Amino acid sequence: MPIQTTSKIWHNGNLIPWEQATIHVMSHVIHYGSSVFEGIRCYGQPQGSAVFRLPEHMQRLLDSAKIYRMEIPFALEELCAGVVDVIETNGVTPCYIRPIVLRGYGEIGVSPKGSPIEVYIANFPWGKYIAGHGGADVCVSSWNRLAPNTMPSLAKAGSNYMNSQLIHMEAEINGYQEGIALDVNGLVSEGSGENIFIVRNGVLYTPPLANSALSGITRDSVLTIARHLGLTVFEQSLPREMLYIADEVFFTGTAAEVSPIRSIDRIVIGDGKTGEITRKIADEFFGIANGLKPDRFGWLTPVKVNASEPVTA
Ligand SMILES: Cc1ncc(COP(=O)(O)O)c(C=O)c1O
């Protein structure tokens, strides 16, 4: 889907016109992939709109930057205020928010020291990432996720998404909606842009971060919701075949939200319908995000824009 433009983009503390948010082709990031970024959603509420887990996302941005020795000249509160500012200025909700920190135009060598840090925050409308109501048909990728001590999985870095692109393109070309990557030891890691959960005999499982998975904010939200619902939850390594014999499997992510999986490698999961536990967790997640259930975990940051339509399961 083509990007739908909005009016302004936040750049280093100022709001600039969308079309002026450009960078030079000789910028460090273009050649060496030196960027870290976030993906955040703002949901429509019965009264106004709210950003979902804004401080947690911006803290992950600061953490990603720290791993890559990128010094962001803004504090957590300033970055959060920048997000609210750009949403309220553009007046577009529900929306997706894309903060990005990059090494700009300065020197051409691999060493990033002489290239300035630039911070941008854009927002724009973005609907469902994984389409379809009956659940997604996905595959296990022939590509592995990043090996430990090569590219850091806990940093949400632009360069990691070259691996994601390989996983996603292979899946699409072979007629699947998404690919699941294993880690270098053949254990389940995550989707190209989502964490993964399975349910078996009423117990919820997700791979630990040490299996090269991103520390997903939605993953954390689902773990919190599941524990609150009284479910038994294990963060443990999962062999590939656990995917096939699971009763339910679903993806989580800011873009994917809670997305049920119908089949993996053409093996039907459970009875091929969205499972009861997936449904319960999704209801709670969307209920809180859309302001239809109490914000019992303090996840919402209100913004002063009236929503045009709610985003639902
Ligand atoms: C590789 C990868 N894993 C997991 C996730 C889910 O993370 P979150 O729930 O914070 O969006 C994403 C999306 O950001 C991702 O790109």
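Report follows, based on the coordinates. Within every chain, residues take consecutive numbers counted from 1 along the sequence as written. Local features are withheld for residues below a pLDDT of 70 in this predicted model, meaning they are given only at 70 or higher, and side-chain atom pairs are given and counted only at 80 or more; totals for whole chains, interfaces and linings count all residues. Side-chain figures throughout are based on the complete set of non-hydrogen atoms in the structure, without hydrogens or water.

**Observations regarding the overall build of the chain**
Here is the rule: Secondary structure is summarised from DSSP: a helix means a run of H or I of at least four residues, a strand means a run of E of at least two, and numbering begins at the N terminus for each. What the globule rule says is 2.2 Å times the number of residues to the power 0.38, and the radius of gyration is computed from C-alpha atoms. Exposure classes here rest on a 1.4 Å probe applied to the protein chains alone. A residue is buried below 20% of its type maximum, exposed above 50%, and partly exposed in between. Note on contacts: a residue pair is in contact if any heavy atoms of the two residues lie within 4.5 Å. Accessible surface is estimated by sampling points in the Shrake-Rupley manner with a 1.4 Å probe; for residues, cover comes only from the protein chains shown. Working convention for charge: Lys and Arg count positive, Asp and Glu count negative, and His plus the chain ends are omitted. A charged residue contributes its charge at one atom only: NZ of Lys, CZ of Arg, CG of Asp or CD of Glu.
A count of helical and extended segments in the chain gives 7 helices and 17 strands. Relative to its length of 313 residues, the chain is compact, with a C-alpha radius of gyration of 19 Å against a globular reference of 20 Å. Its C-alpha atoms put the chain at 55 × 45 × 30 Å along the principal axes. Per-residue burial for the chain yields a buried fraction of 52% across its 313 residues. Across the chain, every contact between residues at least 6 apart in sequence was considered, and the portion connecting residues at least 24 apart equals 71%. Approximately 14000 Å² of the chain is accessible, and the part contributed by carbon and sulfur atoms is 54%. Distance from the positive charge centre (24 side chains) to the negative charge centre (31 side chains) of the chain: 2 Å.

**A look at the packing of helix 2 (residues 54-67) against helix 3 (residues 76-90)**
Helix-helix packing: each pair is described by the crossing angle between the helix axes and the interaxial distance. Heads up, the condition is: Fitted lines through C-alpha atoms serve as axes, helices being fitted only where they are in contact, and the angles separating the N-to-C directions of these axes extend from 0 to 180 degrees. Just so you know how the angles are binned, under 35 degrees is roughly parallel, over 145 roughly antiparallel, 65 to 115 roughly perpendicular, and the rest oblique. For any helix crossing, the convention is left-handed if the near helix is rotated counterclockwise from the far helix by under a right angle, and right-handed if that rotation is clockwise. Just so you know the grouping, Ala, Val, Leu, Ile, Met, Phe, Trp, Tyr, Cys and Pro go in nonpolar, Asp, Glu, Lys and Arg go in charged, and all remaining residues, Gly too, go in polar.
The interhelical angle for the contact between helix 2 and helix 3, taken along N-to-C directions, is 125 degrees, at an axis separation of 9 Å. As judged from the angle between their axes, helix 2 and helix 3 are oblique. As for the relative orientation of helix 2 and helix 3, their crossing is right-handed in sense. The residues of helix 3 that touch helix 2, namely those facing Leu54, Pro55, Met58, Gln59, Leu61 and Leu62, are Leu76, Leu79, Cys80, Val83 and Val84. Looking at the contact of helix 2 with helix 3, its residues break down into 10 nonpolar, 1 polar and no charged.

**Notes on the nonpolar core**
Selection criterion: For this analysis, a nonpolar core means a set of buried residues of the types Ala, Val, Leu, Ile, Met, Phe, Trp, Tyr and Cys, connected via side-chain atoms within 4.5 Å.
With 27 residues, the main nonpolar core has Met58, Ile87 and Ile97 as its most contacted residues. If you list the elements that add at least two residues to this core, you get strand 4 (40-44), helix 2, helix 3, strand 6 (95-103) and strand 7 (117-124). Tallying contributions element by element places helix 3 first for this core, with 6 residues. Excluding anything up to four places from it in sequence, Ile87 contacts Cys42, Val51, Val92, Thr93, Cys95, Ile97, Asn123, Val303 and Val305.

**Some thoughts on helix 4 (residues 160-173)**
In plain terms, the rule: Multiplying one less than the number of residues by 1.5 Å gives the expected span of a helix. To obtain the arc, one takes the directions from the helix axis to the C-beta atoms.
In this model helix 4 runs 21 Å from its N-terminal to its C-terminal C-alpha over 14 residues, within 8% of the 20 Å that 1.5 Å per residue would give. Those residues of helix 4 that fall on the buried side of the exposure criterion are Asn160, Asn163, Ser164, Ile167, Glu170 and Ala171. For helix 4, the arc enclosing every buried residue in end-on projection is 135 degrees, short of the 170-degree limit, so these residues lie on one face. Of the residues in helix 4, the exposed ones pointing more than 90 degrees away from the buried face are Met162 and Ile173. Gly175 sits one or two residues past helix 4 and shows a positive phi near 85 degrees.

**Regarding the pairing of strand 6**
So the rule is basically this: The criterion for strand pairing is that DSSP finds at least two bridges linking the strands in question.
With respect to burial, strand 6 is a largely interior element, 7 of its 9 residues being buried. Examined bridge by bridge, strand 3 (residues 35-37) and strand 6 share 3 bridges and lie antiparallel to one another. In the sheet register, Val36 faces strand 6, and the bridge partner there is Val101. Of the pairings in the sheet, the one linking strand 4 to strand 6 comprises 3 bridges and is antiparallel in character. Residue pairing for strand 6: Ile40 is matched across the bridge by Ile97. As paired elements, strand 6 and strand 7 share 8 bridges and run antiparallel to each other. Bridge assignment links Tyr96 to a residue of strand 7, and that residue is Phe124.

Coordinates in, geometry out; function isn't part of it.
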